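# Coordinate analysis (summary)
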Amino acid sequence: MSTLIHNIGELVTNEPELGEGPLGLLRDAALVIEDGQVAWVGPASAAPAADESHDAGGRAALPGFVDSHAHLVFAGERAEEFAARMSGQPYKAGGIRTTVARTREASDDELRANVRRLVDEMARQGTTTVECKSGYGLTVDQEERAVRIAGEFADEVTFLGAHVVPSEYGDDTQGYVRLVSGEMMAACAPHARWVDAFCERGAFDADQTREVLEAGIKAGLTPRLHANQLGHGPGVRLAVELGAAAADHCTFLSDDDVAALADSETVATLLPGVEFSTRQPYPDARRLIDAGATVALATDCNPGSCYSSSMAFCIAVGVRDMKLTPAEAVWSATAGGAKALRRTDVGHLAVGARGDVLVLDAPSYIHLAYRPGVPQVAAVFKAGHRV
Ligand code: NIG
Ligand code: FE
């Protein structure tokens, strides 16, 4: 089964050898997807025939968004907490426990329906690769259920038992860290590829984070980390030291943190929806890129710090408030996300890549930042199938 997408006015390939600039831009392009993979890409005039064809009408197309950071396995919502923040309350990690209580009461089917709803919502907006974390169960059985359900819908699954210390542990953070690193890790690791922790004052300190991530590595998982979200701290440097695929948030960075990221393979994943929804300062993407670090953009979609699933929104804010150029923001939301997930099959459109294509209802990718808040999805293909 092959699909030809033709009459693409501007195609972002993220392959500098295929086209102009770092985005590998092609004008008047076409693309053939066969058995789920890109089989041909080039000038529209030379396009081969296919079983089906889709006329992009001269619009722009790009790789589907890669959302490398989301928390979708939860029940309930926290609109009141958001409203309180907007009238001056600070964001506190403890709000996570409200969602933990609600999630523990939910049936498997209620959780499944929530994840499905959000993954569908993402797909309609052009996101074709989704990472999903556990972290609202915080018991062995509840976390095992969360990673299992995440795996039914998401491309990438992350075990985040070390999200916060659940209230039944009181002050016994060390006792909870032992549970996460031991019995909970054993139950969850078979269902996940990644291990994550919330390294922050009020959640887990450097030693506790290290214990969890090292247990994850022993269990065959690769680390990624919530780091430097609410203040300066050891998270980013620990992520780099342990070879994490990504350090996420990176809102408060010292010069040493920036240098460590620039010198490493660890991607700095910025989550602008969080700063928007918590009234925190935005991370400085320009400083990271100028230092030589790799930057990804992701939503962090969750009921607390950012209940948005829109990658286009992240791009617009990344450009407006984090000093990314439109080209850098689009790269970070596609190829950058793929790097943060160590995936070579998504985030770009070369022969052999997965046939994930977002056709915009706009003549250029720049419109993603230029027309914030405007729905601009004309068509989405995931592995060649129209979403
Ligand atoms: O990435 N920082 C920790 N975890 C989430 C927030 C989760 C919540 O508030 O429910 C985050 O921002
Ligand atoms: Fe998060």
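Residues numbered from 1 in each chain as written. Chains lettered and ligands numbered in written order. Predicted model: local features only at pLDDT ≥ 70, side-chain atom pairs only at ≥ 80, totals over all residues.

- Labelled according to an unreviewed UniProt entry, the chain appears under the name Imidazolonepropionase, originating from Actinomadura fulvescens.
- According to the UniProt record, the Function (unreviewed entry) comment for the chain reads "Catalyzes the hydrolytic cleavage of the carbon-nitrogen bond in imidazolone-5-propanoate to yield N-formimidoyl-L-glutamate. It is the third step in the universal histidine degradation pathway."
- UniProt lists a comment for the chain under the heading Pathway (unreviewed entry), and it reads "Amino-acid degradation; L-histidine degradation into L-glutamate; N-formimidoyl-L-glutamate from L-histidine: step 3/3." (UniProt positions renumbered as here; feature names shortened; annotations may be inferred.)

## Describing the UniProt feature "binding site: 4-imidazolone-5-propanoate" (unreviewed entry) in the chain
- In the numbering used here, UniProt assigns the feature "binding site: 4-imidazolone-5-propanoate" (unreviewed entry) to Arg 78, Tyr 136, His 163, Gln 229 and Ser 305.
- For Tyr 136, the position within the fold is in the loop between β7 (127-133) and α4 (140-153).
- If we ignore the near neighbours within four places in the chain, the residues touching Tyr 136 are Val 73, Phe 74, Thr 99, Val 100, Thr 103 and Ala 146.
- By the secondary structure assignment, His 163 is in the loop between β8 (156-162) and α5 (173-188). (Helix = DSSP H or I, 4+ residues; strand = E, 2+ residues; numbered from the N terminus. Contact = placed C-beta atoms within 7 Å.)

## Thoughts on the site of ligand 1
- Close to ligand 1 lie 13 residues; Ile 96, Phe 198, Asn 302, Gly 304 and Ser 305 are nearest.
- Here the residues of the shell around ligand 1 are counted per class, giving four nonpolar, eight polar and one charged. (Near = placed C-beta within 6 Å. Nonpolar A, V, L, I, M, F, W, Y, C, P; charged D, E, K, R; others polar.)

## Let's talk about the pairing of strand β9 (residues 194-199)
- Counting buried residues in β9 gives six out of six residues, a clear majority hidden from the surface.
- Here β9 shows no split at all, with Trp 194, Asp 196 and Phe 198 on one side and Val 195, Ala 197 and Cys 199 on the other all buried.
- As paired elements, β8 and β9 share three bridges and run parallel to each other. For Thr 158, the partnering residue across the bridge sits in β9 and is Trp 194.
- Viewed along the sheet, the connection from β8 through α5 into β9 turns out right-handed.
- Pairing of β9 with strand β10 (residues 222-223), which is carried by two bridges, proceeds in the parallel orientation. Opposite Val 195, over in β10, you have Pro 223 as the bridge partner.
- Tracing the backbone out of β9, into helix α6 (residues 206-218) and back to the parallel element β10 gives a crossover that is right-handed.
- In terms of strand pairing, β9 meets strand β11 (residues 225-227) through two bridges, oriented parallel. Within β11, the residue paired with Phe 198 across the bridge is His 226. (Buried ≥ 20, exposed ≤ 12 C-beta atoms within 10 Å, placed from the backbone. Pairing = 2+ DSSP bridges. Right-handed = clockwise from strand over helix to strand, strands pointing away.)

## Brief notes about the nonpolar core
- Counting 127 residues, the largest nonpolar core has Leu 31, Ala 61, Val 73, Ala 247, Ile 315 and Val 330 as its most contacted members.
- No fewer than three residues from each of domain 1 (2-64 + 347-386) and domain 2 (66-340) sit in this core.
- Ignoring any residue separated from it by four or fewer positions in sequence, one finds Leu 31 in contact with Ile 5, Ile 8, Leu 11, Val 38, Val 41, Leu 349 and Val 357. (Core = buried A, V, L, I, M, F, W, Y, C linked by C-beta atoms within 7 Å. Domains from an automatic or database assignment.)

## A word on α6
- Helix length check: α6 (13 residues) gives 18 Å between terminal C-alpha atoms against 18 Å at 1.5 Å per residue, within 8%.
- Turning to α6, its buried residues number three or more, namely Gln 208, Thr 209, Val 212, Leu 213, Ala 215 and Gly 216. Axial view of α6: buried residues confined to an arc of 155°, hence all on one face. Turned more than 90 degrees from where α6 packs its buried face, Asp 207 and Lys 218 sit exposed. (Expected span 1.5 Å × (residues − 1). Arc of directions from axis to C-beta.)

## Brief notes about the pairing of strand β1 (residues 2-11)
- Of the strand pairs in this sheet, β1 and strand β2 (residues 26-34) are connected by seven bridges, and their pairing is antiparallel. The residue bridging Glu 10 from the neighbouring strand is Arg 27, located in β2.
- Two strands pair when backbone bridges link them, and β1 and strand β4 (residues 52-55) are joined in this way by four bridges, in the parallel orientation. Note on β4: the bridge partner recorded for Leu 4 is Ser 53.
- Examined bridge by bridge, β1 and strand β5 (residues 60-63) share two bridges and lie parallel to one another. Residue pairing in the sheet places Glu 10 in a bridge with Ala 60 of β5.

## A look at the UniProt feature "binding site: N-formimidoyl-L-glutamate" (unreviewed entry) in the chain
- With numbering matched to this structure, UniProt assigns "binding site: N-formimidoyl-L-glutamate" (unreviewed entry) to Tyr 136, Asn 302 and Gly 304. For the residues just named, distributed over 169 residues, the greatest C-alpha separation is only 11.3 Å, placing them together at one site.
- Tracing the chain through its elements places Gly 304 in the loop between β14 (295-297) and α11 (311-321).
- Using a count of 25 C-beta atoms within 10 Å as the deciding quantity, one classes Gly 304 as buried.

## A closer look at the domain arrangement of the chain
- Per the domain assignment, the segments of the chain are domain 1 (2-64 + 347-386) and domain 2 (66-340).
- Each side of the interface is counted separately: domain 1 has 21 residues, and domain 2 has 21 residues.
- When contributions to the side of domain 1 that touches domain 2 are tallied by element, the ones reaching two or more residues are β5, α13 (367-370) and β16 (377-382).
- Among the elements that take part in the side of domain 1 that touches domain 2, β16 stands out by supplying three residues, more than any other.
- Class assignment for the residues of the side of domain 1 that touches domain 2 results in 13 nonpolar, six polar and two charged.

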